[in-house]
Amino acid sequence: MVACSEGASSSQIEPAIESPAANSPYRFEVTSSDPIEHGERLSAVLGCIGCHTPDLTGEDWSDPDLGVLWTANLTQSASAHSEDELTAMIAEGKRPDRALIDMPSYLFSELHPDDLAALVSYLKTTSVKGTRHPDPTIGPKLAEDIANGDFKDSVQWVAEMRDKAPPDLGPDHAFARFILRATCAECHGMDLQGSTEQLSGAPPPPTLRIVAAYSAEDFFTLMKTGKPVGNRELKLMGGVARWRYSRFTDSEIKAVYDYLAELA
């Protein structure tokens, strides 16, 4: 399973409970007065560099049964599209000519407008490199899933998940709930209960109630280094933590820990 793509295989997302109102007042902590620097941090935290590769030039996820499917070369996309068009791709799952395939825009549909603007501004500053990848094609299995209603494009997922979010633990945890919706829910589900689906050959993502076994210090180590209690190497989360969540601020990590400890 891949995400953040113009073309990727389908996924199943667990049902979730109601979310806070759209246009959340919360945003990621601003650590720089330069919105470009803020946008660059968000490109890591939100996973752009995971699916589109660290240099943002995209990757081939094609499969004979699913079709020709690439994550976009974002340096090419940023050059070819306006800021409004890029914002729609990120938060609505659509580009001017079509919906996107498996771009997890439902995660980003409630990002603060200033965070979206910073991310788009950063993308617009990237130097164009690499090649523009082919548009997606629909293979036989993907065509069957579409016909059966088993596959939804990114626009459909945004509509279906717009009113979903992790459990509401009150105003003291609203900031963390916002962060989790935009990040951890991608693998662990909007209800944070985990999944039976294997991702990239790793074991299925567990319920995040597992954080009850962590001290605040151990959780901080996990998020910054990818190493859990026992100093094991986690096949998927280890890399995600080092590439993405190590860019969380200390305040963001504390908020997430306090929320998950309360949830557990």
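Please read these numbers as outputs of a predicted model, since none were measured by experiment. (Residues numbered from 1 in each chain as written. Predicted model: local features only at pLDDT ≥ 70, side-chain atom pairs only at ≥ 80, totals over all residues. Heavy atoms only, no water.)

Chemist: Before we move on, could you go through the nonpolar core and cite the residues and values that matter?
Modeler: Soluble globular proteins tend to bury their nonpolar side chains together. One finds F28, L46, L111, L180, F219, F248 and L260 to be the most contacted residues of the largest nonpolar core, which totals 54 residues. The element contributing the most residues to this core is helix α13 (residues 250-263), with seven residues. Non-local contacts of F219, meaning those with residues more than four positions away in its chain, are made with V211, Y214, I253, V256, Y257 and L260. Within the second largest apolar cluster, five residues are counted, among which are L66, L69, I101 and F151. (Core = buried A, V, L, I, M, F, W, Y, C linked by side-chain atoms within 4.5 Å. Buried < 20%, exposed > 50% of the residue type's maximum accessible area, 1.4 Å probe, protein only. Helix = DSSP H or I, 4+ residues; strand = E, 2+ residues; numbered from the N terminus. Contact = heavy atoms within 4.5 Å.)

Chemist: Describe the packing of helix α9 (residues 174-182) against α13, with residues and values.
Modeler: Each pair of packed helices can be described by the angle between their axes along with the distance between the axes. Where α9 meets α13, the axes come as close as 8 Å, and the angle between the chain directions of the two elements is 100 degrees. Regarding the angle of α9 to α13, the classification is roughly perpendicular. From α9, F175, A176, R177, I179 and L180 reach across to α13, where they touch E252, A255, V256, Y259 and L260. Partitioned by chemical class, the residues of the contact of α9 with α13 number eight nonpolar, no polar and two charged. (Axes fitted to C-alpha atoms, helices over the stretch in contact; angles between N-to-C directions. Parallel < 35°, antiparallel > 145°, perpendicular 65-115°, else oblique. Nonpolar A, V, L, I, M, F, W, Y, C, P; charged D, E, K, R; others polar.)

Chemist: Which residues make up the packing of aromatic side chains, and what values do they have?
Modeler: Going through the model one piece at a time under the given rule, you end up with four aromatic pairs. Ring centres 6.3 Å apart and planes at 45 degrees place the aromatic pair Y106 and W157 in the tilted group. With Y106 in helix α5 (residues 105-108) and W157 in helix α8 (residues 154-161), this residue pair connects regions lying 51 residues apart in the sequence. On the basis of an interplanar angle of 40 degrees and a centroid distance of 5.5 Å, the ring pair of F219 and Y257 is categorised as tilted. In this pair, F219 sits in helix α11 (residues 216-225) while Y257 sits in helix α13, placing the two residues 38 residues apart along the sequence. (Phe/Tyr/Trp six-rings, centres within 6.5 Å; stacked < 30°, edge-to-face > 60°.)

Chemist: How would you explain the environment of L192 if you had to name every residue and give the values?
Modeler: Inspection of the secondary structure puts L192 in the loop between α10 (185-188) and α11. Since its relative accessible area comes to 0%, L192 is described here as buried. For the pair formed by L192 and A174, sequence separation is 18 residues and the distance between their alpha carbons is 15 Å. Other than its neighbours up to four places away in sequence, L192 contacts P166, L180, T207, L208, R209, Y259, L260 and L263.

Chemist: Kindly report on α8, identifying the contributing residues and their values.
Modeler: Considered for burial, the residues of α8 that qualify are S154, W157, V158 and M161. End-on, the buried residues of α8 take up no more than an arc of 105 degrees, which puts them together on one face. The inward-facing, buried residues of α8 abut α4 (83-92), α5, β4 (164-165) and α9. The N-cap of α8, judged by a side-chain oxygen 3.1 Å from the amide nitrogen of V155 a few residues on, is D153. (Arc of directions from axis to C-beta. Polar contact = N/O pair within 3.5 Å; in protein donor to acceptor, adjacent residues only side chain to side chain.)

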